[in-house]
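Examination of the molecular architecture
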Amino acid sequence: MASSAGLLLLLLLLSIQSRAENTTDWEAVVCAGSACYTAHRHKLSAEDAQLHCSKKGGNLATVKSEEEAWHIQGALTQLLLLGPPLQERPKFWIGLQREKGTCSDSSLPLKGFSWLGDGEDSQYNNWYKEVRSTCTHRRCVSLILDLSVPGLASSLSKWVDGPCGHSGFPGMNIEGFVCKFSFKGMCRPLTLGGPGQVNYTTPFQATSSSLQAVPFASMAAVACEDGNEGRQHYFLCKEKAPSEFDWDSSGPLCVSPKFGCDFNNGGCQQDCFEGGDGSFRCGCRPGFRLLDDLVSCASRNPCSSSPCGGEATCFPGSLGTDFTCHCPPGYQLDSTQRDCVDVDECRDNPCAQDCVNTPGSFRCECWVGFEPGGPEEGACVDVDECAPGHSPCAQSCTNTEGSFYCSCEEGYELAEEDGTQCLDVDECEVQQGGLCDSLCFNTEGSFRCGCLPGWELDPNGVSCTGGHTSLGPPTGFPLREDTGNGEGKLQSSATVSSRSGDNPEGTSTVVPSNRRLSLPARVPTSLPPSEMLAPSATPGVWMEPSTHYPTATTGHRESAGEDFTAKQSEQGTDGQQLLLFYILGTVVAILLLLALALGLLVCRKRRAKKEEKKQQPQSAADSYAWVPERAESRAMENPYR
């Protein structure tokens, strides 16, 4: 009974000790620049850690630069000296998280994560391994410390992502977290002129005696040891001027006549001067002046410390105690009056078309289709895209203000791809037989009409009329009138042979047509091939369609027309004779085939008759059958039986 009670008591003590270790919050603080970083040994989930930081006025730490990473590494190194030893690879939360439903992006430096507080992205990263690709759970990032590697303070901790944990389970190997607190300025650490100790209490309730920079609004408690035991002095870090922070104290602290200037240089920043009675005072080197605290020194030239940042230039005041910052053209002072920001000159619309703001200046640009003009042309002038040698169009190009458009000649249409090329229009398909009365033939950029066998093309080049059809080129063809500029225009006409006595010389008469066709002059006039069928008066026989061809030249003499007509007549007569020979030869061949077939049929008939004769019987009795005699004898014996 006693042993079981002792066991329960031991378990209770172990539980209390474990709970005490989990609730103990060891922390280390490092301040630099305009921020302080606190490292905590407290096992919390990421959400609880952020709540802990926010209650004190901060957030889980951001690590947006290598400089910031070194500050955090210093805080973690100090933290490891506090409390019991940790496992070899402890983790500490930082303020880098990815919400549920947001997927990872390996192409970004932060892999789809974002910083708490401002949410701004940064280029710096220090991933331990590739993050897990998931969108269904919230993920948080922690710093992993490899304690097995010596020299922890000389290497930066890596980033690793994982589950954010919960109240009962903070996360695998999670030992603490790092907070960040931002301030408008810092005070220098206090320097003692005699034995004593300084303890700083920050606005985020952290205490330390070894800060390299003390944040604004911090309290300093100074305890002097020589002759003033138990007495403390309190000082506050204040903003004495814009961006100028210092303590509300004057003179060296904890001054002792016993030590004089021998202890810590009397607490002076530069020179310490001793008096004959054991007292001393601080002084400054040439070119510097003693500040109001009687300890620190500042340059007599207020611009020696480069108080103006960026593009700003510092100009000292007349008394040498103040200064002003000036910006170059294209910049203006910001709200602090110590730095410069760019002026957006494009807000005043100084350009004719586009304005592009640049750091400290701007530049004007022209729209597409325009180019900078000369001194007398204006800021932007139109670009002639249709200039000779530069036209993007296949045929016609029309320049417009800032652009252009392409067009095609009659018989062509613009291609839909880029609007610069032209495609031939199939007039025969588009009009579906409405252009010609009979046959329609598409040509490059135009068309021509034709007729069925037994018909000939009318002089208007469109209609077909019944009558004599020749094998030569069509009798009607358009003439091209010369306009004087080398282009000319087409006129439909027909050449009709004179059959009356009005034209005894047998010449052809050109009859102009009332219908004008838009046919290009480049379509060649060609004779039909000799293999085509000859004309025939019989409707059932095919012949060469008589078609209307556009002429390629103008100004033909009448004599040339007469010779051409005569030549057509001769060629037509020879063709008719040749066609007649072909027809007669075909008829003869068919008759021969019929005669051969008839002869074969007669031979087969004769052979069949001979075979029938051979199969006939020798006598007429061979065709009869004899009845037995026994039946007759029975009938004669008893005819009535």
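In this text the structure is predicted, and so the values were computed from the model without any measurement.

Another aspect to go through is the overall build of the protein chain. The number of helices and strands found in the protein chain is six helices and 39 strands. A burial count over the protein chain gives 34% of its 641 residues as buried. When contacts within the protein chain are restricted to residue pairs at least 6 apart in sequence, those whose partners lie at least 24 apart make up 51%. Accessible area of the protein chain: about 39,800 Å², with a carbon and sulfur share of 53%.

Listed under "transmembrane region" (unreviewed entry) in the UniProt record, and renumbered for this structure, are residues 579–603. Helix makes up 100% of residues 579–603 and strand 0%, and the two end C-alpha atoms of the span are 37 Å apart.

The subject of this paragraph is the nonpolar core. Ranked by size, the top nonpolar core spans 36 residues in total, and within it Trp 93, Phe 177, Leu 190, Tyr 200, Val 222 and Trp 247 carry the most contacts. For this core, the elements supplying multiple residues, two or more each, are β1 (26–32), α2 (46–55), β8 (174–182), β9 (186–187), β10 (196–201), β13 (219–224), β14 (232–241) and β15 (244–247). The dominant element in this core, judged by the number of residues it contributes, is β8, at four residues. Counting contributing residues per domain, this core is built from domain 1 (25–182) and domain 2 (196–299), each supplying no fewer than three. Filtering out sequence-adjacent residues up to four positions away, Leu 190 remains in contact with Val 198, Tyr 200, Ala 220, Val 222, Phe 235, Trp 247, Ser 249 and Leu 253.

Right, let's talk about the state of the cysteines for a bit. Defined simply, a disulfide is a covalent bond joining two cysteines at their sulfur atoms. Inspection of the entire model under this criterion finds 21 disulfides. Between the sulfur atoms of Cys 268 and its disulfide partner Cys 282 the distance amounts to 1.7 Å. Residues Cys 268 and Cys 282 are joined by a disulfide whose S-S torsion is about -80 degrees; by sign, that bridge is left-handed. Placement of Cys 268 in the loop between β15 and β16 (271–274) and of Cys 282 in strand β17 (residues 280–283) is noted, with a sequence separation of 14 residues between them. Judged by its relative accessible area of 7%, Cys 268 falls in the buried class. Between the sulfur atoms of Cys 284 and its disulfide partner Cys 297 the distance amounts to 2.0 Å. Looking along the S-S bond of the Cys 284-Cys 297 disulfide, the torsion reads about -90 degrees, which is the left-handed sense. Residue Cys 284 is found in the loop between β17 and β18 (288–290), and its partner Cys 297 is found in strand β19 (residues 297–299); the two are separated by 13 residues along the sequence. The exposure class of Cys 284 is partly exposed, given its relative accessible area of 22%.

Taken together, the five strands give an open sheet; going across it, the order is β11-β10-β13-β14-β15, and neighbouring strands pair in antiparallel fashion. The strands lining the two open edges of the sheet, one partner per strand, are β11 (207–208) and β15. Two strands pair when backbone bridges link them, and β10 and β11 are joined in this way by two bridges, in the antiparallel orientation. Paired with Tyr 200 across the bridge in β11 is Ser 208.

To continue, consider a negative patch on the surface. A surface patch of negative charge is lined by Glu 413, Glu 416, Glu 417 and Asp 418. Note that Glu 416 resides in the loop between β30 (412–414) and β31 (422–424).

The next point concerns the pattern of salt bridges. All chains considered together, the criterion is met by 10 salt bridges. For Lys 184, the salt bridge is made with Glu 239, and the minimal N-O distance between the two is 2.9 Å. With a gap of 55 residues between them, Lys 184 in the loop between β8 and β9 and Glu 239 in strand β14 connect regions that are remote in the sequence. Through salt bridges with shared partners, a single ionic network connects Arg 188, Asp 246 and Asp 293.

Looking now at unusual backbone geometry. If a residue is not glycine, its phi is most likely negative; likewise, a peptide bond is most likely trans. Although it is not a glycine, Asn 173 adopts a positive phi angle of roughly 65 degrees. Along the chain, Asn 173 falls in the loop between β7 (158–163) and β8. Asn 173 gets classed as partly exposed once you look at its relative accessible area, which sits at 28%. Although it is not a glycine, Asn 265 sits at a positive phi angle of roughly 55 degrees. Here Asn 265 is to be found in the loop between β15 and β16.

The next point concerns a nonpolar patch on the surface. A surface patch of nonpolar side chains, amounting to about 550 Å² of accessible area, comprises Leu 578, Leu 580, Phe 581, Tyr 582 and Leu 584. Among the structural elements, Leu 580 can be located in helix α5 (residues 558–614). A residue is classified by how much of its surface remains accessible, and Leu 580, at 46% relative accessible area, is partly exposed.

This next bit is on α2. Considered for burial, the residues of α2 that qualify are Ala 46, Ala 49, Gln 50, His 52 and Cys 53. An end-on view of α2 places all buried positions within 155 degrees of arc, on one side of the element. Exposed and oriented more than 90 degrees from the buried face of α2 are Glu 47 and Lys 55. Residues of α2 that are buried sit in contact with β2 (35–41), β3 (59–60), β4 (91–98), β6 (139–144) and β8. Remark: Gly 57 follows α2 within two positions and exhibits a positive phi of approximately 95 degrees.

It is worth spelling out the pairing of β1 at this point. Counting buried positions along β1 yields five of seven residues, so the element is predominantly enclosed. One ladder, built from seven bridges, connects β1 with β2; its direction is antiparallel. Each residue of the ladder has a partner; that of Glu 27, found in β2, is His 40. Between β1 and β2, which follow one another and run antiparallel, lie two residues, and Gly 33 among them has a positive phi close to 65 degrees.

Here the focus is a positive patch on the surface. Residues Arg 604, Lys 605, Arg 606, Arg 607, Lys 609, Lys 610, Lys 613 and Lys 614 make up a contiguous surface patch of positive charge. Topologically, Lys 614 is positioned in helix α5. Take Lys 614: its relative accessible area is 73%, and that puts it in the exposed class.

Relative to the helices and strands, Thr 358 resides in strand β24 (residues 354–358). A polar atom in the side chain of Thr 358 sits 3.2 Å from the backbone nitrogen of Phe 362. Ignoring anything within four residues of it in the chain, the contact list for Thr 358 reads Asp 342 and Arg 363.

Before going further, it helps to examine the environment of His 137. Its place among the elements puts His 137 in the loop between β5 (114–115) and β6. The class for His 137 is exposed, based on a relative accessible area of 52%. Sequence separation of His 137 and Lys 100 is 37 residues, and the distance between their C-alpha atoms is 4.8 Å. In this structure His 137 touches Arg 98, Glu 99 and Lys 100, once residues within four positions along its chain are discounted. At a separation of 2.8 Å, a polar atom in the side chain of His 137 contacts the side chain of Thr 136.

Thresholds, definitions, all that
Note on numbering: residues in each chain are counted from 1, in written sequence order. The predicted nature of this model means local features are confined to residues of pLDDT at least 70 and side-chain atom pairs, given and counted, to a pLDDT of 80 or more, with totals for whole chains, interfaces and linings taken over all residues. Side-chain metrics in this entry use all non-hydrogen atoms of the structure; hydrogen atoms and water are not considered. Put simply, DSSP H or I for four residues or longer makes a helix, DSSP E for two residues or longer makes a strand, and each gets a number counted from the N terminus. Exposed residues in this analysis have more than 50% of their type's maximum accessible area, buried residues have under 20%, and partly exposed residues fall in between, with area computed by a 1.4 Å probe over protein chains only. Contact criterion: two residues are considered in contact whenever any of their non-hydrogen atoms come within 4.5 Å of each other. Using the Shrake-Rupley algorithm and a 1.4 Å probe, accessible areas are obtained, with residue cover drawn only from the displayed protein chains. UniProt positions are given in the numbering used here, feature names are shortened, and annotations may be inferred rather than shown by experiment. By convention a nonpolar core is built from buried Ala, Val, Leu, Ile, Met, Phe, Trp, Tyr and Cys residues, the set being connected through side-chain atoms within 4.5 Å. Domain delimitation follows an automatic or database domain assignment. By convention in this document, the label disulfide applies to cysteine sulfur atom pairs within 2.5 Å. DSSP-based pairing: two strands are paired if at least 2 bridges between them are found. Like-charged residues within 9 Å of one another, or nonpolar side chains (Val, Leu, Ile, Met, Phe, Trp, Tyr) within 5 Å, are grouped into patches, provided each residue has over 30% relative accessible area and no salt bridge. The salt bridge definition used is simple: a Lys or Arg side-chain nitrogen within 4 Å of an Asp or Glu carboxyl oxygen. Charge convention: Lys and Arg are scored as positive, Asp and Glu as negative, and His as well as the terminal groups of each chain are ignored. Where a charge lies is defined by one atom per residue type, namely NZ (Lys), CZ (Arg), CG (Asp) and CD (Glu). By construction, the arc corresponds to the directions joining the helix axis to the C-beta atoms. Two N or O atoms form a polar contact when they lie within 3.5 Å of each other; inside protein one atom must be a possible hydrogen donor and the other a possible acceptor, and for residues adjacent in sequence the pair counts only when both atoms belong to side chains.

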